[in-house]
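Structural overview for review
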Amino acid sequence: MLNEKIHEALTAQVNAELWSAYLYLSMSIDLEMKGLKGFSHWYYVQSQEEFDHANILINYLISRDSKIRMDQILSVPNSWSSPIEILKESLAQEQKVSAKIQELATLASRMEDFATQNCIQWFVNEQVEEEQSLRDLINLFNMTAEFKCGLLNMDSDLAKRRYKKPSIIG
Ligand code: FEO
């Protein structure tokens, strides 16, 4: 059985991952409405990945015979002024998630819950990737913004992102 503090922290993280999925879906819709189909597709895949992250934690809670509580998901913004605003807000969101994951890893270590530590390690690595890919996109956007076709080229590149189910959820 999981320690109550760890159980609460994992439940809060399920909610945070679902909120991220909801946020990225909203960004995907806004980008589609702005005619940026490649950006929209990239964010749709991002939203699916966040849903997977929530599922990884849910599966872990089930495997530890712990109660699942699906809390309310708060509303998200619906429109942004530009793709760069969306990219910057996404990076800020991922940095917040990384801090939460760090807290979870610290708690699991303090409680000597090695199974939870092991589960959370996957998220520690994932967050490094998540932050890096957004920083790369922001840099690419800034570099190509001065060229006329820069945004369109980037849009068509982002349309190529493929959804990959994490092997951890089988
Ligand atoms: Fe699940 Fe992008 O953090």
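**Focus on the nonpolar core**
Core analysis: the biggest nonpolar cluster contains 20 residues, and Met-27, Phe-39, Tyr-43, Leu-87 and Met-154 have the highest contact counts within it. At the level of secondary structure, the elements contributing two or more residues to this core comprise α1 (4-33), α2 (37-63), α3 (83-110), α4 (114-144) and α5 (150-158). Counting residues in each nonpolar core, the second largest holds 19 residues, with Leu-18, Ile-56, Val-97 and Leu-107 among its members.

**Brief notes about a nonpolar patch on the surface**
Taken together, the side chains of Leu-25, Ile-29, Met-33 and Tyr-44 make up a nonpolar region of the molecular surface, amounting to roughly 420 Å² of accessible area. Considering every element that reaches the nonpolar patch, the biggest residue donor is α1, with three residues. Mapped onto the elements, Tyr-44 comes out in helix α2.

**Focus on the packing of aromatic side chains**
The geometry of an aromatic ring pair is captured by two quantities: the separation of the ring centres and the angle between the planes. On inspection of all chains with the given rule, the structure shows three aromatic pairs. Residues Trp-42 and Tyr-43 carry aromatic rings whose centres are separated by 5.1 Å and whose planes lie at 70° to one another, so their mutual orientation is edge-to-face. For the pair Trp-122 and Phe-123, a centre-to-centre distance of 5.0 Å together with 80° between the ring planes defines the contact as edge-to-face. Overall, the relative accessible area of 23% leaves Trp-122 in the partly exposed class. Residue classification places Phe-123 among the buried residues on the basis of a relative accessible area of 0%. Through a chain of ring-to-ring contacts, the aromatic side chains of Tyr-24, Trp-42 and Tyr-43 assemble into a single cluster. Over the face of the ring belonging to Trp-42 we find Arg-161, whose NZ or CZ atom lies 4.3 Å from the ring centre.

**Concerning the pattern of salt bridges**
Following the criterion strictly, the structure yields eight salt bridges and no others. With a shortest N-O distance of 2.6 Å, Glu-32 and Lys-37 are connected by a salt bridge. Taking relative accessible area as the criterion, Glu-32 reaches 36% and is therefore assigned partly exposed. Between Arg-69 and Asp-71 there is a salt bridge whose closest N-O contact spans 2.8 Å. Residue Asp-71 is classed as partly exposed on the basis of its relative accessible area of 32%. Linked through salt bridges whose partners overlap, the residues forming this network are Glu-8, Arg-69 and Asp-71.

**Overview of the packing of α1 against α3**
For the pair α1 and α3, interaxial distance at closest approach is 11 Å and the crossing angle is 170°. As judged from the angle between their axes, α1 and α3 are roughly antiparallel. Among the residues forming the contact of α1 with α3, the class breakdown is 16 nonpolar, four polar and six charged.

Rules used in this analysis
For every chain, the first residue of its written sequence is number 1, and the numbers climb from 1 along that sequence. Totals for whole chains, interfaces and linings use every residue, but because this is a predicted model, local features are given only for residues with pLDDT of at least 70 and side-chain atom pairs only at 80 or more, for both listing and counting. Where side-chain values are given, they derive from all heavy atoms of the structure, hydrogens and water being excluded. Think of a nonpolar core as a cluster: buried Ala, Val, Leu, Ile, Met, Phe, Trp, Tyr and Cys residues, connected wherever their side-chain atoms sit within 4.5 Å. Relative accessibility under 20% of the residue-type maximum defines a buried residue, over 50% an exposed one, and the middle range a partly exposed one, all with a 1.4 Å probe and only protein chains included. Secondary structure elements are defined from DSSP: runs of H or I of at least 4 residues count as helices, runs of E of at least 2 residues count as strands, and each element is numbered from the N terminus. Each patch is built from salt-bridge-free residues with over 30% relative accessible area, joining like charges within 9 Å and nonpolar side chains (Val, Leu, Ile, Met, Phe, Trp, Tyr) within 5 Å. Accessible surface is estimated by sampling points in the Shrake-Rupley manner with a 1.4 Å probe; for residues, cover comes only from the protein chains shown. Whenever a carboxyl oxygen of Asp or Glu lies within 4 Å of a side-chain nitrogen of Lys or Arg, that contact is scored as a salt bridge. When the centres of two rings from Phe, Tyr and Trp lie within 6.5 Å, Trp using its six-membered ring, the rings pair. Their planes under 30 degrees apart give stacked, over 60 give edge-to-face, and anything left gives tilted. Any Lys NZ or Arg CZ found within 6 Å of a ring centre and within 35 degrees of that ring's normal is scored as a charge over the ring. Axes here mean lines fitted to C-alpha atoms, for a helix over just the part in contact, with angles spanning 0 to 180 degrees between N-to-C directions. Working definition: roughly parallel below 35 degrees, roughly antiparallel above 145 degrees, roughly perpendicular at 65 to 115 degrees, and oblique for all remaining angles. The residue classification treats Ala, Val, Leu, Ile, Met, Phe, Trp, Tyr, Cys and Pro as nonpolar and Asp, Glu, Lys and Arg as charged. All others, Gly included, are polar.

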